Structure formats: structure tokens, C-alpha cells
Amino acid sequence: MNLNRLYLTKNECYRAGQIITPKGIMVHSTGANNPHLKRYVGPDDGKLGENVYRNHWNQARPDGRQVCVHAFIGRLADGSIATYQTLPWNYRAWHSGGTANNTHISFEICEDDLTDSVYFNAVYKEAVELCIYLCDKFGLDPENIVDHSEGCKLGVASNHKDVMHWFPRHGKSMDTFRADVLDGLGLRRFYRVQVGAFREKVNAEKMLAEVKMAGFKDAFIKFE
Ligand SMILES: [Zn+2]
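Residues numbered from 1 in each chain as written. Predicted model: local features only at pLDDT ≥ 70, side-chain atom pairs only at ≥ 80, totals over all residues. Heavy atoms only, no water.

*Asks:* Teacher, can you tell me more about the overall build of the protein chain here?
*Replies:* When helices and strands are counted, the protein chain shows five helices and six strands. Each helix and strand of the protein chain, ordered N terminal to C terminal, gives the series β-α-β-β-β-β-α-β-α-α-α. Relative to a compact globule of 224 residues, whose C-alpha radius of gyration would be 17 Å, the protein chain shows 18 Å and is just as compact. Projected onto its principal axes, the C-alpha coordinates of the protein chain cover approximately 55 × 40 × 35 Å. Considering the protein chain as a whole, with its 224 residues, one finds that 44% of them fall into the buried category. Considering only contacts in the protein chain between residues 6 or more positions apart, those separated by 24 or more positions represent 72%. Here the protein chain has roughly 12300 Å² of accessible surface; of this, 50% comes from carbon and sulfur atoms. Put simply, the protein chain has 28 plus and 27 minus side-chain charges, and the middle of one group is 5 Å from the middle of the other. (Helix = DSSP H or I, 4+ residues; strand = E, 2+ residues; numbered from the N terminus. Rg over C-alpha atoms; globule rule 2.2 N^0.38 Å. Buried < 20%, exposed > 50% of the residue type's maximum accessible area, 1.4 Å probe, protein only. Contact = heavy atoms within 4.5 Å. Areas by Shrake-Rupley, 256 points an atom, 1.4 Å probe, with all protein chains shown as cover. Lys, Arg positive; Asp, Glu negative; His and termini not counted. Charge placed at Lys NZ, Arg CZ, Asp CG, Glu CD.)

This is the structure:
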């Protein structure tokens, strides 16, 4: 993964600065044939290239809309693929048109004309790696990675088709995506320390609060 950071500080969403506790990830794609990150991320940092139209999302309301996501995946000026983090991961983004905004980290994959398998495979790999990174960082269950279309079926997002109008054209789906993230996580090994096991959730939450108070900020609850 080629992870960069350029916060969209002029976007109303960034300025709202609402904090969430991430529970999952929602995968989007832009719905427009423009694979260049500079369309959405700016100003130019020397790698993005200049957006001469100045219509990137580092403005109050991009294209007149209240929208913002945590990251974009697409092309740099030199044609290589990169991820740009555009909001702090625990900010509430405006991406789903539903309650997933309160719970899900979100990113957009810049679409091309949807036919180029080389581009698709590169951005798919980048997206898998981003999700592995985020699942690690926030203790997220890869089963809680959904695309916008699945979010709609779950009743937590508006009625959009991304990304399942695109992935199947290249032999992929959200099921392969989640499986690839799981595989990636399985390759990594951690020495984890368990501090309790409870039948009742409330007791687990109490213990988690105590552990966090003691300074272990990355502590989490797992139900199995
Ligand atoms: Zn979407």
C-alpha cells in the first residue's frame, strides 16, 4: 500500500469534526470515469498533479454536495496507484446517505471506464491492503466490510450500486474482497493477551473500560 495523507480541511465535513468509533468499513467507487486522485484530492502536493479545474473535494461543498470520505484510491500524476487519507479515521464522514456514517470508515476507489483489468487489479489490491491495515488498527472484523450496495440492503446506506457494478466484471466480488482481507490478516501473527472472558456483554464492557483506563488504548472485545 502506498498510503499518503492530505486532510480535506476546507470540507464542511472535516470542519464539523464529529468523532465516531469505527465498527466497519464501507467501500465505494466514484461512479465517474476519472481514475486520477487529483480530481478529488488537492491541492497538489507534488505527487498528485495539479487539478486545473479546482473541483477537488478540499472545499466546503464539493460539486455543491455535503460529501466527504476518509480516503481515496486512484492514480498519481506519474500513473502509479496510491491511497490518500483525507479525514482522520475516527471522524464522521458523509459517504453513505444513511446511518453507516456513524459507524463505518469509508473510502472511494476512483473509477476508470471499468474495462481495464490492469488498473482494476491494482486498485483492488490497494483497497485490500488498506482494509487489512484498518482492521488491524481498529480491531475490526473483516465481516463488517461492506460496499455501498450491501449497505443499502442492510438499511444503513442510500440506494447506490457501487462497487458491485464493477468488481464482477473482473472476477471479483465483496465476498472475494472480504476473503482476501481475512487471508491478509491471517498471515500476520500477534501475541495477544486475554484479560477476561464473560457470558454477559455488560461485564466485558466494564472490563474493557478498566483496561483502557489503565492505558491499553488498543484493547477490544471479541465475541466467539
Ligand atoms: Zn457509494
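*Asks:* How should the sheet that holds strand 1 (residues 3-5) be read in this particular structure?
*Replies:* Pairing between the strands of a sheet comes from backbone hydrogen bonds, and it takes one of two forms, parallel or antiparallel. Strand order in the open sheet made by the six strands is 1-4-3-5-2-6, with mixed pairing throughout. Sheet topology places strand 1 and strand 6 (145-147) at the edges, where each strand pairs with a single neighbour. On average, each strand axis in the sheet is inclined to that of its neighbour by 25 degrees, with strand direction left out of account. Judged from the six bridges that link them, strand 2 (residues 24-29) and strand 5 (residues 104-109) form a sheet pairing that is parallel. Each residue of the ladder has a partner; that of Met26, found in strand 5, is Ser106. In this fold helix 2 (residues 117-138) packs onto strand 1, strand 2, strand 3 (71-75), strand 4 (81-85), strand 5 and strand 6, with an angle of close to 155 degrees to the strand it touches most, strand 3. Contacting strand 2, strand 5 and strand 6, helix 4 (residues 174-186) runs over the sheet at an angle of about 155 degrees to strand 6. (Pairing = 2+ DSSP bridges. Axes fitted to C-alpha atoms, helices over the stretch in contact; angles between N-to-C directions.)

*Asks:* What's the story with the layout of surface pockets in this structure? I'm lost.
*Replies:* One water molecule sets the probe size; rolling that probe over the atoms shows where empty space is left. The volume enclosed by the largest pocket comes to roughly 2000 Å³. In terms of lining residues, the largest pocket is bounded by 42 residues, among which Gly139, Ala219, Phe220, Ile221 and Lys222 are the most central. Taken together, the elements giving at least two residues each to the lining of the largest pocket come down to helix 2, helix 4 and helix 5 (201-213). By residue number, the principal contributor to the lining of the largest pocket is helix 5, which donates seven residues. When grouped by side-chain class, the residues that make up the lining of the largest pocket number 22 nonpolar, five polar and 15 charged. Both domains that furnish three or more residues to the lining of the largest pocket are identified here as domain 1 (3-190) and domain 2 (193-224). (1 Å grid on protein atoms, 1.4 Å probe; cavity = no way out; pocket = protein on both sides within 12 Å on 5 of 7 lines; lining within 4 Å. Points joined across faces, edges and corners; volume = space filled by probe spheres on them. Nonpolar A, V, L, I, M, F, W, Y, C, P; charged D, E, K, R; others polar. Domains from an automatic or database assignment.)

*Asks:* Whenever I open this one, the pattern of salt bridges confuses me. Can you help?
*Replies:* Side-chain pairs of opposite charge can arise where the charged atoms are in close proximity. Counting across every chain of the model gives eight salt bridges. A salt bridge links Glu12 to Arg61, with the shortest nitrogen-to-oxygen separation between them at 2.9 Å. One end of the pair, Glu12, is in helix 1 (residues 12-16); the other, Arg61, is in the loop between strand 2 and strand 3, and 49 residues separate them in sequence. In this structure, Glu50 and Arg54 form a salt bridge, with 3.3 Å as the shortest nitrogen-oxygen distance. (Salt bridge = Lys/Arg side-chain N within 4 Å of Asp/Glu carboxyl O.)

*Asks:* Would you mind going over the environment of Tyr7 with me for this structure?
*Replies:* Its place among the elements puts Tyr7 in the loop between strand 1 and helix 1. Note on Tyr7: relative accessible area 23%, which makes it partly exposed. Sequence-distant contacts of Tyr7, that is, excluding residues within four places in its chain, are made with Tyr14, Asn58, Gln85, Thr86, Leu87 and Pro88.

*Asks:* Looking at this model, I keep getting lost on helix 4. Mind explaining?
*Replies:* Because the α-helix completes a turn every 3.6 residues, residues three or four places apart line up on one side. A rise of 1.5 Å per residue sets the reference length of helix 4, with its 13 residues, at 18 Å; its end C-alpha atoms lie 18 Å apart and thus fit the reference within 8%. Looking only at helix 4, the buried set comprises Met174, Phe177, Arg178, Val181, Gly184 and Leu185. Take helix 4 and look down its axis: the buried residues cluster within an arc of 120 degrees, on one side only. Residues of helix 4 that are exposed and point more than 90 degrees away from the buried face comprise Asp175, Asp183 and Gly186. Where helix 4 is buried, its residues touch strand 2, strand 5, helix 2, strand 6 and helix 3 (148-153). (Expected span 1.5 Å × (residues − 1). Arc of directions from axis to C-beta.)

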